[in-house]
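One-letter residues, chain by chain:
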Amino acid sequence: MTTSLGADLRLAWQLTRGSDRREWWRIALTATGAALATGFALTAGALASLRGDHYTVSFAAGLLSEPGTRSGVILALLLLLVPVLGFLGQCTRIGAVHRDRRLAGLRLTGATPGQVRRIAALETGLTCLLGSAAATVVSVPVLAAVWERPTVLTWVVLALVAVAVPVLGATAGALALRRVVASPLGWVRRVGPARPGRGPGRLFLLSLLPVAGAALLAATTTSDTTRGPGQWHTPMAVFGGLLAVGAGSVWLSGATCRVVGRRLAVRARSAATLIAAERLRDDPWAAARAHAAVLLVTVAGTGFMGVRHIMVDGLRRDEQLGESVSYYTTGLNLTAAAIAVGLLITLSALAVGTAESIATRRRGLAAQVAAGVPRAVLNRALLLETALPLAPSLLVAGVGGLTVGAGYSTVTGADVLPWSALLVPVTVYVGCLLAAATALPLLGRTLRPSELRHT
Amino acid sequence: MSNGDNTAGPLLAGRGLVKAYGRTEALRGADVALSAGEILAVTGASGSGKSTLMHCLSGIVRPDAGSVTYAGRQLEGLPEKELSELRRTRFGVVFQFGQLIPELTAVDNVALPLMLAGTDRTESRSTAGEWLERFGVRAQGELRPGEMSGGQAQRAALARALVTGPEVVFADEPTGALDSLASEQVMTALVHTAREAGTAVLLITHDAQVAAYADREVQLRDGVVAPLGVTA
């Protein structure tokens, strides 16, 4: 069976329209993620289209008027794309079982594996287009209202971002399914290297690459060009640092899940710990996908809190500031807000991922309860799956962030060790447990005997 | 094999059971009784209410009307916690698939009910190993369900259902996903072990060959128990 892209697109649209309630959740959440990504990228793009220092932007105590601080804001906006990518990654997993059945149905009607992957990728692209279009429709009037005469470059950047988000969404969908071959008889297998779960980790890293590249480009093109060749050092360091911390987070999350699962599975004395530990040991990278973004936010948050503590301390003592105190504190507060938004998105991704893992196992979970496993044991196992691997990972992330603060303290000669920054990993840990706990009502509904009637 | 209820002091009895899912009436006044150590096959076409009858009798779902009595105790008034404990300690449940936790090894799956009852893990695993031995799958003890054949996984599931020494085992189409050879192995293992331990078995099946393993057979038609050979 050979079909044109147009026919595939029509079929993808029909499949999207005919989705059931669970898939509508995936569509709504993926579109929300795409809208967030478009919003952050559009704002960053609009700011990046400002050239030189002859602009006066009334927001944020004049922070956006200067190229140097403007590039910092752009960088922060682009960094916010990292948790959004993590969120989108979790959203695409919702309803995976239904998707697999649909793919099998397509194969049964004669579609080739390549066509099936293309149709599935187009479905993702259409969903992202929905979010991208919504964000663009809201952004354009806002831009027109706050900026008298936006430049042609600004409009070009806006159009590019609006198109790029659905295209990247479809590409990521195709990449995620590149090793999936749906059989006409209803089962789905993965081909290629036999190390399940590594793919999504690599995909997360691959998706970091364009974000880091865009951050590098933005930082270099919007910074002050009068400072000579040294201007490359900071952006390059940020680029390298982002990739290194991203790779480290994915690796650390997966490795921690595997080690914690393996150790506890042997030593577990309670049923809940045994179930949680074996799930971690079975597929450590599934948990790592959600936890990697948590670690990134924790490192950034702890490091920032340390730096903030030292800077605020310095501002109090410095009597010869170049700008008003509010200029500096506004920048710090905006950064704190950006990190808080990043944490919120990351926790949402964690909640979505936890809910999806329950939905996928719903019949098996109902069978456990039918066989007499107490609901409380399954509730505890669910929370332990989050609590056990995150505790050591967040400890390391917290120490990493504190080291950043301590390093800054040494460089500036502040002689202050910002211990208060350690509250960040504790807060993130509690937040993660609460995010996982939001899935408990769904678990309660899943454990109903009626689930035994579903296949 | 005989027809009709065994009324001589039943261990488990359902009387006038009614259960509806929305507008669909799965049970419409079903009566059934099971004696201690008896193997009873409940047969019937797809949609006749077999699984719902098993769910009501095992306390998995509460009937809309009628009563379930186990060892002289009415199940209707028991709170969910006690019903759960009953299924864990006095009943064993086997489904067509899905009852083993995919992430646990076979031996840990079988050990789980003992651990839930407070037995030390080492002791639980040791007992579980013995039960896997009885069902001929000890060698697969450290494999996960996905790494075992369907027949091996189902025998591990039987070991898990019987490890606590239950008085009744509920088996819902236990061979539904197996080939004829694996079906025979599973049924032989179940019947042999149940007879040895004096465990009663309520066997839900649409397969006449599987039903032939039972002491007695009742047939469900449109939610009521019908005499064998009579169309409702």
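The coordinates are above.
Overview of the structure.

1. Looking at the overall build of chain B
Regarding its fold elements, chain B presents seven helices and ten strands. By the compact-globule yardstick of 17 Å for 232 residues, chain B fits well, its C-alpha radius of gyration being 17 Å. Referenced to the eigenvectors of the C-alpha coordinate spread, the extents of chain B come out at roughly 50 × 40 × 35 Å. A sequence separation of at least 24 residues applies to 69% of the contacts in chain B between residues at least 6 apart. Just so you have it, chain B exposes about 9300 Å², and 48% of that area is on carbon and sulfur atoms. Positive and negative charge centroids in chain B, built from 21 and 27 side chains respectively, lie 4 Å apart.

2. A closer look at the overall build of chain A
A count of helical and extended segments in chain A gives 16 helices and two strands. Contacts in chain A between residues far apart in sequence, at least 24 positions, make up 82% of those at least 6 positions apart. Summed over its atoms, the accessible surface of chain A is roughly 21300 Å², and 67% of this surface lies on carbon and sulfur atoms.

3. Points about the environment of A293 of chain A
Among the secondary structure elements, A293 of chain A is positioned in helix α11 (residues 284–317). Expressed as a C-alpha distance, the spacing of A293 of chain A and L80 of chain A, which sit 213 residues apart in the sequence, is 11 Å.

4. Notes on the nonpolar core
Within the largest apolar cluster, 38 residues are counted, with the highest numbers of intra-cluster contacts made by V94, V110, W131, L132, F135, L190 and V201 of chain B. Every element with two or more residues in this core is listed here: β3 (39–43), α3 (106–116), α4 (121–134), α5 (150–162), β7 (168–172), α6 (180–197), β8 (200–204) and α7 (208–211) of chain B. Setting aside chain neighbours within four positions, we find W131 of chain B in contact with V110, A159, L162, V163 and T193 of chain B. A370 of chain A together with A30, V68 and V218 of chain B belong to the second-largest nonpolar core, a separate cluster that totals 35 residues.

5. Section: the interface of chain B and chain A
At the interface, 26 residues of chain B touch 29 residues of chain A. Together chain B and chain A conceal approximately 2400 Å² of surface at their shared face, both sides included; 59% is due to carbon and sulfur atoms. Looking at the side of chain B facing chain A, the largest losses of area belong to E103, R121 and R144 of chain B, adding up to 24% of the total buried there. At the junction of chain B with chain A, the criterion picks out three salt bridges. Residues R279 of chain A and E103 of chain B are paired through a salt bridge, measuring 2.7 Å at the closest nitrogen-oxygen approach. Summed over the shared surface of chain B and chain A, the result is eleven residue pairs in polar contact (both at pLDDT 80 or more).

6. Section: the sheet that holds strand β2 (residues 24–34) of chain B
Residue and element names in this part refer to chain B. Taken together, four strands build an open sheet; the order of strands is β2-β1-β4-β5 and the sheet is antiparallel. Of all strands in the sheet, those with a lone pairing partner are β2 and β5 (73–74), marking the two edges. Relative to β2, strand β1 (residues 12–21) is paired through eight bridges, and the arrangement is antiparallel. What sits directly across from L12, in β2, is L34.

7. Remarks on the sheet that holds strand β10 (residues 224–226) of chain B
All names here are of chain B. In space, the six strands of this open sheet follow the order β6-β7-β8-β3-β9-β10, with mixed pairing throughout. Only two strands of the sheet have a single partner each, and these edge strands are β6 (91–94) and β10. Within the sheet, the average angular offset between the axes of one strand and its neighbour, ignoring direction, is 25°. Pairing geometry for β3 and β8, over four bridges, is parallel. Its bridge partner lying in β8, L40 is registered against L202. Relative to β8, α6 is tilted by about 155°, and along the sheet it contacts β3, β7 and β8.

8. Here's the deal with the packing of helix α10 (residues 271–282) of chain A against helix α14 (residues 375–412) of chain A
Residue and element names in this part refer to chain A. Relative to each other, α10 and α14 sit at 50°, their axes nearing to 8 Å. Taken together, the axis directions place α10 and α14 in an arrangement best described as oblique. Of the two elements, α10 crosses α14, and the hand of that crossing is right-handed. Residues A271, A272, T273, I275, A276, R279 and L280 of α10 form the contact with α14, whose own contacting residues are V377, L378, R380, A381, L384, E385, L388 and P389. Split into classes, the residues belonging to the contact of α10 with α14 amount to eleven nonpolar, one polar and three charged.

9. Some words on the packing of α11 of chain A against helix α12 (residues 325–360) of chain A
All names here are of chain A. For the pair α11 and α12, interaxial distance at closest approach is 10 Å and the crossing angle is 160°. Between α11 and α12, the angle falls in the class roughly antiparallel. Judged by the sense of rotation from one axis to the other, the crossing of α11 with α12 is left-handed. On α12, the residues that touch A290, H291, A293, V294, V297, A300, G301, F304, R308, M311, V312 and L315 of α11 are Y328, T329, L332, N333, T335, A336, I339, G342, L343, T346 and L350. Its residues assigned to classes, the contact of α11 with α12 shows 15 nonpolar, seven polar and one charged.

10. Some remarks on the pairing of β6 of chain B
Residues and elements named next belong to chain B. Of the two faces of β6, the one carrying F91 and V93 and the one carrying G92 and V94 are both buried. Note: β6 against β7, four bridges, orientation parallel. Residue V93 lies in a different strand from β7, and its bridge partner there is F170.

11. Remarks on the pairing of β1 of chain B
Residue and element names in this part refer to chain B. Where β1 folds back onto β2 in an antiparallel hairpin, the turn is made up of two residues, including G22, whose phi is positive at roughly 65°. For β1 and strand β4 (residues 65–70), the ladder comprises five bridges, and the chain directions are antiparallel. In the strand pairing of β4, G14 is matched with V68.

Definitions and limits used
- Residues numbered from 1 in each chain as written.
- Chains lettered and ligands numbered in written order.
- Predicted model: local features only at pLDDT ≥ 70, side-chain atom pairs only at ≥ 80, totals over all residues.
- Heavy atoms only, no water.
- Helix = DSSP H or I, 4+ residues; strand = E, 2+ residues; numbered from the N terminus.
- Rg over C-alpha atoms; globule rule 2.2 N^0.38 Å.
- Contact = heavy atoms within 4.5 Å.
- Areas by Shrake-Rupley, 256 points an atom, 1.4 Å probe, with all protein chains shown as cover.
- Lys, Arg positive; Asp, Glu negative; His and termini not counted.
- Charge placed at Lys NZ, Arg CZ, Asp CG, Glu CD.
- Core = buried A, V, L, I, M, F, W, Y, C linked by side-chain atoms within 4.5 Å.
- Buried < 20%, exposed > 50% of the residue type's maximum accessible area, 1.4 Å probe, protein only.
- Buried area = accessible area lost by both parts, 1.4 Å probe.
- Salt bridge = Lys/Arg side-chain N within 4 Å of Asp/Glu carboxyl O.
- Polar contact = N/O pair within 3.5 Å; in protein donor to acceptor, adjacent residues only side chain to side chain.
- Pairing = 2+ DSSP bridges.
- Axes fitted to C-alpha atoms, helices over the stretch in contact; angles between N-to-C directions.
- Parallel < 35°, antiparallel > 145°, perpendicular 65-115°, else oblique.
- Left-handed = near helix turned anticlockwise from the far one by under 90°.
- Nonpolar A, V, L, I, M, F, W, Y, C, P; charged D, E, K, R; others polar.

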